[in-house]
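Observations on the model geometry
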Amino acid sequence: MERGYSYYKQAFERIPKPFAYVDLDLLGKNIGHILARAGSKNIRIATKSVRSAALLKRILHQSPVFCGLMCFSPQEAIYLVKQGMDDIVMGYPVWEPSALAGMAELIRQGKSVTLMVDSVAHIEHLERIAARHGVRFPVCIDMDMSLDVPGLHFGVWRSPVRTIAEAGPLVERILSSRLVMLDGVMGYEAQIAGVGDHYPNKMAKNMLVQALKRRSAKQVAEKRAALVAMIEDAMGAPLRFVNGGGTGSLLTTVLEEAVTEVTVGSGFFAPALFDHYRDFRYLPAAGFAVEIVRQPGKHIYTCLGGGYTASGAAGRDKLPLPYLPAGASLLPLEGAGEVQTPVKYDGEEPLTLGDPIFFRHAKAGELCERFNYLYGLSKGGIVEKITTYRGDGQCFL
């Protein structure tokens, strides 16, 4: 169901460039695929991969399987609650006292907000804030799910809690407190969810990554099950939620009996970094267009703007990907620039000054930090203008 150049060019012919868009038909297909792959698990939406309150509401309303949000900023969580959303888990620890005061106010209002912790220092800090504001903070323990092999840390540096023995004192500290309560646990297997394993012309690397993923998935499942068993035995009751996964690990995370919900974000838009996974392929539902303003060579078309580079370790894979017309590519010595982006193209589409080149961002929600609106496209026409966080006057990180 992927579209061609003429489809998007015609649909957006009267829209000034640059602009960003979301293909609502493809988004709907992605939502359906994600729901089908979640099986019996609930899905928590990773807001950092969407960054539009209107789109978050749209996804949440598609199915009761979408159980809530995982937010990246406390100010963002406060804003989304004001927009009518609830059941929020903070994906990262919050330390800033004024932000925690805002979290406390949400709890006083009866909202479901869970804070992320991975150390006794976090608990002691939350207790001071909770006592000051007369609340009890629900917390979630974040356990490291990386795989360490000789010479390689396969994963990301998140929580210092790496073993069940290290988790024990933290669990005991939480259960002994009157000012915090243990609400859930999570572990993000980034080395499975965020690492491609099906790149063209890289067979040896693909095979190595696939082997490491298989080994890691087994370890993750065992570690998470052991953590949940230890905690629920100490509590004498089940946790409200056990969270795991990401778009790239959905197929393995849902197999874990201990897991009650999976986090998904990037799969809704399907950015370029998710083109190279062996087990799935979602549809490219979001992108942006920049305008050709120069033609300095026979097959070189220079666009105004376009340098929307993704976060993470610097590399070519973090650059936006020329998407349409098919066969367009960046020049290796210039890449995507702040004010101009030259593109090489010698295909069949006739291009001229003023024409658009369509790009896909390397990541998902970061695109929304560059634009106030996403033009919502369906059945070949623009059906709505959807505000991003930026378009709503919000800036969180």
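Sequence order as written defines the numbering, with residues in each chain counted from 1. Given that this is a predicted model, residues contribute local features only at a pLDDT of at least 70 and side-chain atom pairs are listed and counted only at 80 or more, while totals for whole chains, interfaces and linings are drawn from all residues. Side-chain numbers come from the whole structure's heavy atoms, not from hydrogens or water.

Moving on, we come to the layout of surface pockets. Both cavities and pockets are sets of points on a 1 Å grid over the protein atoms alone; in a cavity a 1.4 Å probe fits but cannot get out, in a pocket the set is open with protein on both sides within 12 Å along at least five of seven lines, and lining residues sit with an atom within 4 Å of a point. Grid points are joined across faces, edges and corners, and a volume is the space filled by probe spheres set on the points. In this structure, the second largest pocket encloses a volume near 200 Å³. Lining the second largest pocket are 15 residues, and of these Ile192, Asp197, Lys213, Thr252 and Asp279 lie nearest its centre. Under the scheme used here, helices are H or I runs from DSSP no shorter than 4 residues and strands are E runs no shorter than 2 residues, and both carry numbers assigned from the N terminus. Those elements giving two or more residues to the lining of the second largest pocket turn out to be helix H9 (203-235) and helix H10 (250-253). With four residues, H9 is the largest single contributor of residues to the lining of the second largest pocket. Considering only residue class, the lining of the second largest pocket consists of six nonpolar, four polar and five charged. Amino acids outside the nonpolar list (Ala, Val, Leu, Ile, Met, Phe, Trp, Tyr, Cys, Pro) and the charged list (Asp, Glu, Lys, Arg) are all regarded as polar, and Gly is one of them.

What follows deals with the side chain of serine 378. Note on placement: serine 378 falls in strand S18 (residues 373-378). For serine 378, a relative accessible area of 18% corresponds to the buried category. Polar contact criterion, stated in full: a pair of N or O atoms within 3.5 Å, where within protein one must be able to donate a hydrogen and the other to accept it, and residues adjacent in sequence count only if both atoms are side-chain atoms. In this structure the side chain of serine 378 is engaged in a polar contact, spanning 2.8 Å, whose partner is the side chain of aspartate 25. Setting aside residues no more than four positions away along its own chain, serine 378 makes contact with Asp25 and Val383. Categorising residues by exposure relies on relative accessible area from a 1.4 Å probe, with only protein chains included: less than 20% of the type maximum marks a residue as buried, more than 50% marks it as exposed, and the intermediate range marks it as partly exposed. Any two residues whose heavy atoms approach within 4.5 Å are treated as being in contact.

Before going further, it helps to spend a moment on the pairing of strand S10 (residues 241-244). In S10, alternate side chains face the same way, and those of Phe241 and Asn243 on one face and Val242 and Gly244 on the other are all buried. Only strands joined by at least two bridges in the DSSP assignment are considered to pair. Here strand S9 (residues 180-187) pairs with S10 via four bridges, running parallel. Bridge assignment links glycine 187 to a residue of S10, and that residue is glycine 244. Where S10 and strand S11 (residues 261-264) come together, two bridges link them in parallel fashion.

Take the pairing of strand S12 (residues 286-297) next. In this structure, strand S1 (residues 19-23) lies alongside S12, joined through four bridges in antiparallel fashion. Residue pairing in the sheet places phenylalanine 19 in a bridge with alanine 289 of S12. Bridging between S12 and strand S17 (residues 356-360) involves four bridges; their strand directions are antiparallel. Directly across from glutamate 291, in S17, lies its bridge partner proline 356. By the bridge criterion, three bridges tie S12 to strand S13 (residues 300-304) in an arrangement that is antiparallel. Paired with arginine 294 across the strands is threonine 302, a residue of S13. The antiparallel hairpin formed by S12 and S13 contains two residues in its connecting segment.

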